[in-house]
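Analysis of the macromolecular model
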Amino acid sequence: MAKNNVDYGAAISRPFEDIKKLIIGCLLNIIPIVNFFAIGFVVDAAKMTLSKKKGLPEWDNWGDYFMKGLMVFLIGIIWMIPVMILGAIGFGGMWTSMMSGAMGGSIPNVFSLGGFGIAMVLAVLVGIIVGYLSPLGVFGYISSGNFADAFDFKKIFDKAMNADYFIVWLVAAVIGIVLSAIGSAIPFLSMILSPAASFISMMIGITLIGSIYKNL
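Everything in this summary refers to the structure shown in the same document. Just so you know, these numbers come straight off a predicted model, no measurement behind them.

**Brief notes about helix α9 (residues 190–210)**
With 21 residues, α9 should cover 30 Å at 1.5 Å per step; its first-to-last C-alpha distance of 29 Å lies within 8% of that length. Among the 21 residues of α9, 15 are classified as buried, and the element is accordingly described as predominantly covered.

**Some points on the nonpolar core**
Counting 52 residues, the largest nonpolar core has Phe199, Met203 and Leu208 as the members making the most contacts within it. Elements represented by at least two residues in this core include exactly α2 (19–28), α3 (35–50), α4 (62–79), α5 (81–104), α6 (110–144), α7 (153–160), α8 (163–183) and α9. Other than its neighbours up to four places away in sequence, methionine 203 contacts Arg14, Pro15, Phe41, Val42, Ala45 and Leu56.

**Some thoughts on the side chain of aspartate 44**
Mapped onto the elements, aspartate 44 comes out in helix α3. One polar contact links aspartate 44 to lysine 68, side chain to side chain, over a distance of 2.6 Å. Aside from chain neighbours lying at most four places away, what touches aspartate 44 is Pro57, Asp64, Tyr65 and Lys68.

**Here we look at the packing of aromatic side chains**
Counted under the stated rule, the structure contains 18 aromatic pairs. Seen from their ring centres, tryptophan 79 and phenylalanine 153 are 5.5 Å apart, and the 70° between their planes marks the pair as edge-to-face. Of this pair, tryptophan 79 sits in helix α4 while phenylalanine 153 sits in helix α7, and the two are 74 residues apart along the sequence. When its relative accessible area of 8% is taken as the criterion, tryptophan 79 is described as buried. Plain terms: the ring middles of phenylalanine 139 and tyrosine 213 are 5.4 Å apart, the flat faces sit at 25° to each other, and that makes the pair stacked. A residue pair is termed long-range when its members are at least 10 positions apart, and phenylalanine 139 in helix α6 and tyrosine 213 in the segment after α9 qualify at 74 residues.

**Focus: empty space enclosed by the protein**
Inspection of every chain in the model, using the stated rule, returns 1 cavity of 30 Å³ or more. The computed volume of the largest cavity comes to approximately 40 Å³. In this structure, the largest cavity is lined by Leu136, Gly140, Asp149, Asp152, Lys155, Ile156, Lys159 and Tyr213. Those elements giving two or more residues to the lining of the largest cavity turn out to be α6 and α7. Looking at the lining of the largest cavity element by element, the count peaks at 3 residues for α7.

**As for a nonpolar patch on the surface**
A cluster of nonpolar residues, Phe16, Ile19, Ile23, Leu27, Ile30, Ile31, Ile186, Leu189, Met191, Ile192 and Leu193, forms a patch on the protein surface that exposes about 1,000 Å² of accessible area. Of all the secondary-structure elements, those providing two or more residues to the nonpolar patch are α2 and α9. Topologically, leucine 27 is positioned in helix α2.

**Regarding α4**
Note that an α-helix has 3.6 residues per turn; residues three or four places apart therefore point the same way. With 18 residues, α4 ought to run about 26 Å at 1.5 Å a step, and its terminal C-alpha atoms sit 26 Å apart, in line with that. Residues of α4 that are buried: Tyr65, Lys68, Gly69, Val72, Ile75 and Trp79. Looking straight down α4, one finds its buried side chains confined to an arc of 120°; they lie on one side.

**Brief notes about the pattern of salt bridges**
Under the defined criterion, the tally for this structure stands at 4 salt bridges. Lysine 68 serves as the salt-bridge partner of aspartate 44, at 2.6 Å between the closest nitrogen and oxygen. Here lysine 68 lies in helix α4 and aspartate 44 lies in helix α3, a separation of 24 residues in the sequence. The pair aspartate 44 / lysine 68 is uniform in exposure class, with both members buried. Linking aspartate 158 and lysine 154 is a salt bridge whose minimum nitrogen-to-oxygen distance equals 3.2 Å. Taken together, the residues aspartate 158 and lysine 154, both in helix α7 and 4 residues apart, mark about one turn of the helix. Accessibility expressed as a relative area gives 62% for lysine 154, which makes it exposed. Through salt bridges that share partners, Asp44, Asp64 and Lys68 make up one connected network.

Conventions and cut-offs
Residues numbered from 1 in each chain as written. Predicted model: local features only at pLDDT ≥ 70, side-chain atom pairs only at ≥ 80, totals over all residues. Heavy atoms only, no water. Helix = DSSP H or I, 4+ residues; strand = E, 2+ residues; numbered from the N terminus. Expected span 1.5 Å × (residues − 1). Buried < 20%, exposed > 50% of the residue type's maximum accessible area, 1.4 Å probe, protein only. Core = buried A, V, L, I, M, F, W, Y, C linked by side-chain atoms within 4.5 Å. Contact = heavy atoms within 4.5 Å. Polar contact = N/O pair within 3.5 Å; in protein donor to acceptor, adjacent residues only side chain to side chain. Phe/Tyr/Trp six-rings, centres within 6.5 Å; stacked < 30°, edge-to-face > 60°. 1 Å grid on protein atoms, 1.4 Å probe; cavity = no way out; pocket = protein on both sides within 12 Å on 5 of 7 lines; lining within 4 Å. Points joined across faces, edges and corners; volume = space filled by probe spheres on them. Patch = residues over 30% accessible without salt bridge, like charges linked within 9 Å, V, L, I, M, F, W, Y side chains within 5 Å. Areas by Shrake-Rupley, 256 points an atom, 1.4 Å probe, with all protein chains shown as cover. Salt bridge = Lys/Arg side-chain N within 4 Å of Asp/Glu carboxyl O. Arc of directions from axis to C-beta.

The structure is reproduced here in structure tokens:
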């Protein structure tokens with residue numbers, strides 16, 4: 001049974017508490033690698049949430065933000081390795097089948113295409129599981145500062161089985177999907193709006209999860 005009272009309103013409004021800080025984060029999040037600064041800023045915001053502190057960090061610890069953002073990026077890449085492997089297997093099988101059909105002048109191998117479908121379905125399923133577990137891995141790193149704690153699978157699985165986490169994660173996921181759809185709705189402005197939506201959804205998500213993490 002869920003027992004923690006989460007202030008969803010405060011989490012959703014948090015990115016907008018300081019418009020200047022919000023604009024800086026949104027702009028930095030547009031450019032790859034430069035966006036590590038924005039991710040690091042969100043990490044510090046998460047640490048404040050874990051310490052029951054409100055508000056937002058200051059944009060003053062640039063080197064630290066970059067390194068923390070880089071660490072979270074690497075954690076995300078490592079967590080995604082199973083999904084990337086399954087995707088590569090699926091596309092590799094499809095490509096081999098298509099090339100074989102083209103060279104032989106026959107219809108591509110149905111079994112290879114079926115294998116592609118199975119691999120892609122597995123990739124999606126594993127992707128959902130990774131998307132559910134990896135935020136807890138990131139918080140393991142944030143709470144301790146130890147990179148290895150992002151892969152403490154026993155601790156992560158134990159926390160993931162908590163109903164409070166499932167509810168908060170689901171709300172954060174829905175908010176992220178809605179903001180992503182809004183950010184990509186206008187073609188020419190999506191290059192700016194999508195990174196802005198991503199920064200806002202990251203801030204809301206870490207606030208929601210951070211508010212219950214230590215009680216899981």
